[in-house]
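Summary of structural features
Chain by chain, the residues run as shown.
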Amino acid sequence: MSSNPAVPARPIAIIGGTGPAGMGLALRWARAGETIIIGSRDEQRAQLAAAAIQLKVGNQANVSGMENGAACSAADILVLTVPFEGQAALLKQLKPAMTEGSILIDATVPLAASLGGRASRTLGVWQGSAAQQTAELVPREVSVVAAFHNVSADLLQGDAPLDCDVIVCSDDPDAAQLTRELAAKIPGVRAIDGGRLENARIVEQITALLIGLNIRHKGHAGIRITGLPPAAYR
Ligand SMILES: NC(=O)c1ccc[n+]([C@@H]2O[C@H](COP(=O)([O-])OP(=O)(O)OC[C@H]3O[C@@H](n4cnc5c(N)ncnc54)[C@H](OP(=O)(O)O)[C@@H]3O)[C@@H](O)[C@H]2O)c1
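My aim in this report is to walk through the structure given alongside it, one point at a time.

Observations concerning the overall build of the protein chain
- A count of helical and extended segments in the protein chain gives 8 helices and 8 strands.
- In terms of C-alpha radius of gyration, the protein chain reaches 16 Å, essentially the compact-globule figure of 17 Å for 234 residues.
- Projected onto its principal axes, the C-alpha coordinates of the protein chain cover approximately 40 × 35 × 35 Å.
- Sequence-distant contacts in the protein chain: of pairs separated by 6 or more residues, those separated by 24 or more amount to 74%.
- Of the roughly 11000 Å² of accessible surface on the protein chain, 53% is carried by carbon and sulfur atoms.

Right under this line is the structure:
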């Protein structure tokens, strides 16, 4: 990740990047000049998804597609956008491919729909949150950040600026700061330090509320946090 053209960009690998959430983040970051690797269980599906982003963004886009394990090995900024039911097994499988010092940004929401329940409810997670479960499953040298739970994937895949704040939670301040910088590259998004990773439990649950609001009012709800000093909003 760099705004200086002389410094080579750090690729961002989006694991499970072929779904709406991953595709939306990939699109916005590709437009911002980031180097993106779309990860998938199927290499060909990843390449098709990458080609779709390339088509939307144009020749300047730097997007490729790889099988999830190869994507993990090729990047030290990883973004996890898979359904909760697949999260643990996938992380166990990918663990050996993760490099020391990597950052894993987890957007997983433990929705009850993952196990046949309602989309507007969350499941109880033994560790406290999906992000804390992730932290237990990755190598010790990988920093976990929770972010992007409350952003609508539909809106991310569009062209308009988003009307949404992104709350970023992590026990690693440097990883959290890098994530806030990435979030702020999405037009309309303000990134806010949400404190320790354990707060992800609350942020993940807000998504279930937003889904319920979307069902009731037929919209794409997001969140805005008000009343903080300007320096709190990146
Ligand atoms: N949709 C939203 O608006 C939104 C917003 C914020 C956060 N989120 C969260 O972000 C995550 C992804 O959301 P999404 O709507 O993009 O999900 P999705 O479409 O259901 O899944 C994303 C991708 O994950 C892979 N995948 C599916 N099942 C898997 C499994 N059992 N094991 C491993 N990989 C699997 C698939 O890619 P391949 O088949 O190509 O491997 C799929 O394209 C979820 O946890 C969701 O709660 C979603």
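Don't stop here, the text continues.
Focus: the nonpolar core
- In terms of nonpolar packing, the biggest core is built from 66 residues, with Trp29, Ile36, Ile38, Ile53, Met98, Ile105 and Phe148 touching the most fellow members.
- For this core, the element with the highest residue contribution is helix H1 (residues 20-31), accounting for 6 residues.

Overview of the sheet that holds strand S3 (residues 62-67)
- Reading across the sheet, the 8 strands line up as S3-S2-S1-S4-S5-S6-S7-S8 and stay open at both edges, with mixed pairing between neighbours. Lying at the two open borders of the sheet, with one neighbouring strand each, are S3 and strand S8 (189-193). The sheet shows a mean angle of 25 degrees between the axes of neighbouring strands, direction not considered.
- Pairing geometry for strand S1 (residues 12-15) and strand S4 (residues 77-80), over 4 bridges, is parallel. Paired with Ile14 across the two strands is Val79, which belongs to S4.

Cut-offs applied
- Residues numbered from 1 in each chain as written.
- Predicted model: local features only at pLDDT ≥ 70, side-chain atom pairs only at ≥ 80, totals over all residues.
- Heavy atoms only, no water.
- Helix = DSSP H or I, 4+ residues; strand = E, 2+ residues; numbered from the N terminus.
- Rg over C-alpha atoms; globule rule 2.2 N^0.38 Å.
- Contact = heavy atoms within 4.5 Å.
- Areas by Shrake-Rupley, 256 points an atom, 1.4 Å probe, with all protein chains shown as cover.
- Core = buried A, V, L, I, M, F, W, Y, C linked by side-chain atoms within 4.5 Å.
- Buried < 20%, exposed > 50% of the residue type's maximum accessible area, 1.4 Å probe, protein only.
- Pairing = 2+ DSSP bridges.
- Axes fitted to C-alpha atoms, helices over the stretch in contact; angles between N-to-C directions.

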